[in-house]
Amino acid sequence: MEGDMKILLITGIIVYFLSRFSVVGLNGDFNDKGWRIKFYFISIILAEIITISVIVFQLFVDVWAWSLIEPYQSIGFLIFLAGVFISVWGRKELKNNWRTARCIAKPKILVDTGPYKYVRHPIYIGSLLMGIGFEMTLASYFLIIVLTLGTAFIINCMRQEEYFLTSWFKEYEEYKQKTKLPF
């Protein structure tokens, strides 16, 4: 892998993580101490630690190259960039209505503009695209892990969020009918 491509990947990852903190702060409260919120919180934190560890390992230590993927590295980079764009756009559209697993609280409003007009979970979808694109760009066997475990984890997170949003907003069912994706 060319050094320039690694720099571009690092830049995309930095933009992605900075968007988490620059668009909004860590607002909200953590009043509901139920098992569902605790599980959600712990799983997100662990996923971020594992993700960052794998990224550092792959960028600065030899990756496990998969020759079958090498011809598709450029396509992978485009998928990666699309994921960064979709995730950042989703966070930007939420403005200060955004919450993280670190502070789960009812959002002020149900956002249905920007990417939320088309899909219910653009940040999760963008994150998954980033992971797939990143591994394709590196032509790594880790792509299999992202496609299996990463996809299962993202689907679980989306389902957890669906549960919360359905309980918080009576209009969420109508919104789900208008935006069929991702389920």
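Peer 1: Would you take a moment to explain the environment of E93 for this structure?
Peer 2: Take E93: it is sitting in helix 3 (residues 73-94). Measuring from C-alpha to C-alpha, the distance between E93 and P115 comes to 7.8 Å, with 22 residues separating the pair along the chain. Excluding residues that lie within four positions of it along the chain, E93 makes contacts with V111, T113, G114, P115 and Y116.

Peer 1: I tried to follow the packing of aromatic side chains on my own but got confused; where do I start?
Peer 2: Given two aromatic rings, their pairing is described by the distance between the two centres and the angle made by the two planes. With the rule as written, the count across this model stands at 6 aromatic pairs. Ring geometry for Y163 versus F164: centroids 5.6 Å apart, planes at 70°, classification edge-to-face. Arranged with centres 5.6 Å apart and planes meeting at 45°, the rings of Y172 and Y175 form a pair that is tilted. Highlighted residues: Y172 and Y175, both in helix 6 (residues 172-178), separated by 3 residues, approximately one helical turn. Take Y172 and Y175: they sit in the same class, and that class is buried. One aromatic cluster is present, built from ring pairs that chain together F77, F80 and F134.

Peer 1: Would you mind going over the environment of P115 with me for this structure?
Peer 2: With respect to the element layout, P115 can be found in the loop between helix 3 and helix 4 (122-138). With 24 residues separating them along the chain, P115 and R91 place their C-alpha atoms 9.7 Å apart.

Peer 1: When you look at helix 4 in this model, what are you seeing that I'm missing?
Peer 2: Helical periodicity: at 3.6 residues per turn, an α-helix aligns residues three or four positions apart in one direction. A rise of 1.5 Å per residue sets the reference length of helix 4, with its 17 residues, at 24 Å; its end C-alpha atoms lie 24 Å apart and thus fit the reference within 8%. Counting buried residues along helix 4, 15 of its 17 residues qualify, which places the element largely inside the surrounding structure. One or two steps after helix 4, the chain reaches A139, where phi turns positive at roughly 50°.

Peer 1: Teacher, can you tell me more about a nonpolar patch on the surface here?
Peer 2: Taken together, the side chains of I42, L46, I49 and I50 present a nonpolar region at the surface, about 390 Å² in accessible area. Assessed through its relative accessible area of 54%, I50 is described here as exposed.

Conventions we followed
Residues numbered from 1 in each chain as written. Predicted model: local features only at pLDDT ≥ 70, side-chain atom pairs only at ≥ 80, totals over all residues. Heavy atoms only, no water. Helix = DSSP H or I, 4+ residues; strand = E, 2+ residues; numbered from the N terminus. Contact = heavy atoms within 4.5 Å. Phe/Tyr/Trp six-rings, centres within 6.5 Å; stacked < 30°, edge-to-face > 60°. Buried < 20%, exposed > 50% of the residue type's maximum accessible area, 1.4 Å probe, protein only. Expected span 1.5 Å × (residues − 1). Patch = residues over 30% accessible without salt bridge, like charges linked within 9 Å, V, L, I, M, F, W, Y side chains within 5 Å. Areas by Shrake-Rupley, 256 points an atom, 1.4 Å probe, with all protein chains shown as cover. Salt bridge = Lys/Arg side-chain N within 4 Å of Asp/Glu carboxyl O.

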